[in-house]
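Read off the chains here:
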Amino acid sequence: MASYNGEEFIEKQLDSILKQSYQNWVLYISDDGSTDTTLSIIENFSTKLPSGKVILLRGPGKGFAENFLSMLRNKNIKSSYYAFADQDDIWLEDKLMTAVNTLANVSESYTYLLYGSRTTLVDADEQVIGLSPLFKKA
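A brief look at the structure comes next. Owing to the predicted nature of the structure, the values given are computational and were not obtained by experimental measurement. (Residues numbered from 1 in each chain as written. Predicted model: local features only at pLDDT ≥ 70, side-chain atom pairs only at ≥ 80, totals over all residues. Heavy atoms only, no water.)

**Here's the deal with the overall build of the chain**
Then comes step 1: Scanning the chain for helices and strands turns up four helices and five strands.
Then comes step 2: In sequence order, the chain lays out its α and β elements as β-α-β-α-β-α-α-β-β.
Then comes step 3: Dimensions of the chain, computed from C-alpha atoms along their principal axes, come out at roughly 45 × 40 × 30 Å.
Then comes step 4: Here the chain holds 138 residues, and the buried ones make up 28% of them.
Then comes step 5: Long-range pairs, those at least 24 residues apart, make up 64% of the contacts in the chain with a sequence separation of at least 6.
Then comes step 6: For the chain, the exposed surface amounts to about 9,900 Å²; the carbon and sulfur share of it is 53%.
Then comes step 7: Of note, the chain has its 13 positive side-chain charges centred 10 Å away from the centre of its 18 negative side-chain charges. (Helix = DSSP H or I, 4+ residues; strand = E, 2+ residues; numbered from the N terminus. Buried < 20%, exposed > 50% of the residue type's maximum accessible area, 1.4 Å probe, protein only. Contact = heavy atoms within 4.5 Å. Areas by Shrake-Rupley, 256 points an atom, 1.4 Å probe, with all protein chains shown as cover. Lys, Arg positive; Asp, Glu negative; His and termini not counted. Charge placed at Lys NZ, Arg CZ, Asp CG, Glu CD.)

Below, the structure is given as structure tokens:
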């Protein structure tokens, strides 16, 4: 997850990650220099979990794209699966389980796999305002 001055929404995203049915995760958060209460929200959240479950990193201070790229380039972050999160997302409880099960059940051997799904778009009050585009399979 990349964060920057996300105090208004980040707690809901953190709670949605905590509620995942798939629990074999480590959350890396790269903060890009927040000046609001984002860091204290993250630190408070991490105290509810075992040591090493939430890892806070210092972002490069060059915007969200470079912040995500800095995590992709970080040689200390190693996993079989990666899930990208924005600080203002709210994940459905089965998001990770669905993704991991889908990828694990691919019968052919590939070096890399990418899983994507539709997004339900909501406003600041969590009222549904639409869906992400539905792309047709070729």
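**What to know about the packing of aromatic side chains**
The geometry of an aromatic ring pair comes down to the distance between the two centres and the angle between the two planes.
Then comes step 1: Per the counting criterion, the structure on display carries one aromatic pair.
Then comes step 2: With a centroid separation of 6.1 Å and an interplanar angle of 70°, the aromatic rings of F68 and F84 are classed as edge-to-face. Here F68 is found in helix α3 (residues 64–73), whereas its partner F84 is found in the loop between α3 and α4 (95–104), with 16 residues between them in sequence.
Then comes step 3: Residue F84 is classed as partly exposed on the basis of its relative accessible area of 48%.
Then comes step 4: One Lys or Arg, K53, reaches over the ring of W25 and ends 4.2 Å from the middle of that ring.
Then comes step 5: The lysine or arginine in question, K95, covers the ring of W91, its NZ or CZ lying 5.2 Å from the ring centre. (Phe/Tyr/Trp six-rings, centres within 6.5 Å; stacked < 30°, edge-to-face > 60°. Lys NZ or Arg CZ within 6 Å of the ring centre and 35° of its normal.)

**Comments concerning the sheet that holds strand β2 (residues 27–31)**
Then comes step 1: Pairing in this open sheet of three strands is parallel, and the strands run β1-β2-β3 from one edge to the other. The open sheet terminates on both sides in strands that have one partner only, identified here as β1 (2–3) and β3 (54–58).
Then comes step 2: Of the strand pairs in this sheet, β2 and β3 are connected by five bridges, and their pairing is parallel. Directly across from D31, in β3, lies its bridge partner R58.
Then comes step 3: Taken strand by strand, helix α2 (residues 38–46) contacts β1, β2 and β3, and its axis lies near 155° from that of β3. (Pairing = 2+ DSSP bridges. Axes fitted to C-alpha atoms, helices over the stretch in contact; angles between N-to-C directions.)

**Describing the nonpolar core**
Then comes step 1: In terms of nonpolar packing, the biggest core is built from 17 residues, with M1, L14, L27, I29 and V54 touching the most fellow members.
Then comes step 2: Elements with a minimum of two residues in this core: α1 (10–18), β2, α2 and α4.
Then comes step 3: Ignoring anything within four residues of it in the chain, the contact list for I29 reads M1, S3, L14, I42, V54, I55, L56 and L57.
Then comes step 4: In this structure, A2, F68, M71 and I77 belong to the second largest nonpolar core, which totals five residues. (Core = buried A, V, L, I, M, F, W, Y, C linked by side-chain atoms within 4.5 Å.)

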